[in-house]
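Reading the structure
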Amino acid sequence: MRIIFKIFSLFSLSLLFASCSTDNNPTILTATTPTVTLESTAADVEKTYTTIEISGLVDDDGGDPVVARGTVWSTVTNPSLSDNFTTESSANFTSEIEGLEANTSYYFKTYATNAEGTAYSNEKSITTNSLGGTTWDFHVVYDQNTSWHGDVVFNADGTAVYDEPTSPGTYLTNGTWTLTGNDLFYDFDSSNPGNVTYTGPIEVEQMSGVFNYPNHQGTWTAVEY
């Protein structure tokens, strides 16, 4: 009888342990899309005439590894991966976006993607710098033997003032300018339109191109003061 009782007791204990170790309602963890923040503000963002730097942070991977993250942008609101985008390598990132047009508004979001999908941050609109209200040092090369420097002020109303720092006032000239995309057209003398023109693209904080005098063509470069 003692042997039978011991066997019965061991069998009862095994059933008790089995019932305690079994969970009829297990917790299932479900992955979600990540959480991402656009950290730059319109006030602190790095920008020039043709570039903008946007900073972002993947706050939470949503329980699944993030396989892509970066910045999306467009000239119209609500940009997505179907528009322009960068691909970054770390959770805390800065996207340098180049090849933009001066004095143009762009819309930006940061994004992060995992197996569950893509999440976007809030949207910000940022405008690249305008040429209006800036002063540039023009280095004009007439030919291999002749060159000079002139200061050009591009006013916001489309007028321009040329003056040579070595002879202030001597060659003071009023002109006009337009910027189509990133291509400058600077008419040196508005009293004689088209007589002398400077044309060329603006790139970040420098410009270069060709100038046309009557029956002569030379080159120029310029940097912003």
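To keep things clear, this report deals only with the structure shown in the data block. Within any chain, residue numbers begin from 1 and follow the written order of that chain's sequence. Reporting of local features is limited, given that this is a predicted model, to residues whose pLDDT is at least 70; pairs of side-chain atoms are given and counted only at 80 or more, and all residues count toward the totals for whole chains, interfaces and linings. Water and hydrogen atoms play no part in the side-chain values, which are based on all heavy atoms of the structure.

What follows deals with the overall build of the protein chain. Each helix is a run of DSSP H or I of at least 4 residues and each strand a run of E of at least 2, with the numbering of both proceeding from the N terminus. Helix and strand counts for the protein chain stand at 1 helix and 17 strands. Exposure categories follow from relative accessible area, calculated using a 1.4 Å probe and restricted to protein chains: below 20% of the type maximum is buried, above 50% is exposed, and the middle band is partly exposed. Put simply, the protein chain has 225 residues, and 35% of those count as buried. In this analysis, two residues are considered to be in contact whenever any of their non-hydrogen atoms come within 4.5 Å of each other. Intrachain contacts of the protein chain at a sequence separation of at least 6 include 50% that bridge at least 24 residues. A total accessible area of about 13000 Å² is found for the protein chain, and carbon and sulfur atoms account for 52% of it. All accessibility values rest on the Shrake-Rupley procedure with a 1.4 Å probe; residue burial counts only the protein chains present in the view.

Quick look at the pairing of strand 13 (residues 173-180) now. It is a general feature of regular strands that their side chains alternate between the two faces of the sheet. Where strand 12 (residues 159-163) and strand 13 come together, 4 bridges link them in antiparallel fashion. Bridge pairing links alanine 160 to glycine 175 in strand 13. At least two bridges found by DSSP between two strands are what make those strands a pair. Note: strand 13 against strand 14 (residues 183-187), 5 bridges, orientation antiparallel. Following the sheet pairing, threonine 180 is matched in strand 14 by aspartate 183.

What follows is about the sheet that holds strand 15 (residues 197-203). On the basis of which strands lie adjacent, the closed barrel formed by 8 strands has the order 10-11-12-13-14-15-16-17 and antiparallel pairing. Neighbour to neighbour, the strand axes of the sheet diverge by 30° on average, direction disregarded. Of the pairings in the sheet, the one linking strand 16 (residues 206-213) to strand 17 (residues 216-224) comprises 8 bridges and is antiparallel in character. Looking across to strand 17, one finds that tyrosine 213 is bridged to histidine 216. Here an axis means a line fitted to C-alpha atoms, over the contact stretch when the element is a helix, while the angle between two N-to-C directions is reported on a 0 to 180 degree scale.

Once that is clear, we can look at the pairing of strand 17. Where strand 10 (residues 134-143) and strand 17 come together, 6 bridges link them in antiparallel fashion. The residue bridging aspartate 137 from the neighbouring strand is valine 223, located in strand 17. From the end of strand 16 to the start of strand 17, which pair antiparallel, there are 2 residues, and asparagine 215 there has a positive phi angle of about 65°.

The backbone of asparagine 103 shows a phi angle near 55°, a positive value even though the residue is not glycine. Among the structural elements, asparagine 103 can be located in the loop between strand 6 (92-97) and strand 7 (105-114). For asparagine 215, which is not a glycine, the phi torsion comes out positive at approximately 65°. If you trace the backbone, asparagine 215 turns up in the loop between strand 16 and strand 17. Taking relative accessible area as the criterion, asparagine 215 reaches 86% and is therefore assigned exposed.

Bringing the nonpolar core into the picture now. Inside soluble globular proteins, nonpolar side chains tend to come together where they are buried. Definition of nonpolar core: a set of buried residues of the types Ala, Val, Leu, Ile, Met, Phe, Trp, Tyr and Cys, connected through side-chain atoms within 4.5 Å. Of all hydrophobic cores here, the largest spans 21 residues; its most connected members are Trp136, Phe138, Phe154, Tyr186, Tyr198 and Met207. Put simply, the parts of the chain that give this core at least two residues each are strand 10, strand 11 (146-154), strand 12, strand 14, strand 15, strand 16 and strand 17. With 3 residues, the single largest contributor to this core is strand 10. In contact with tyrosine 198, not counting residues within four places along its chain, are Phe138, Val140, Leu184, Phe185, Tyr186, Phe188, Val210, Phe211, Tyr213 and Trp220.

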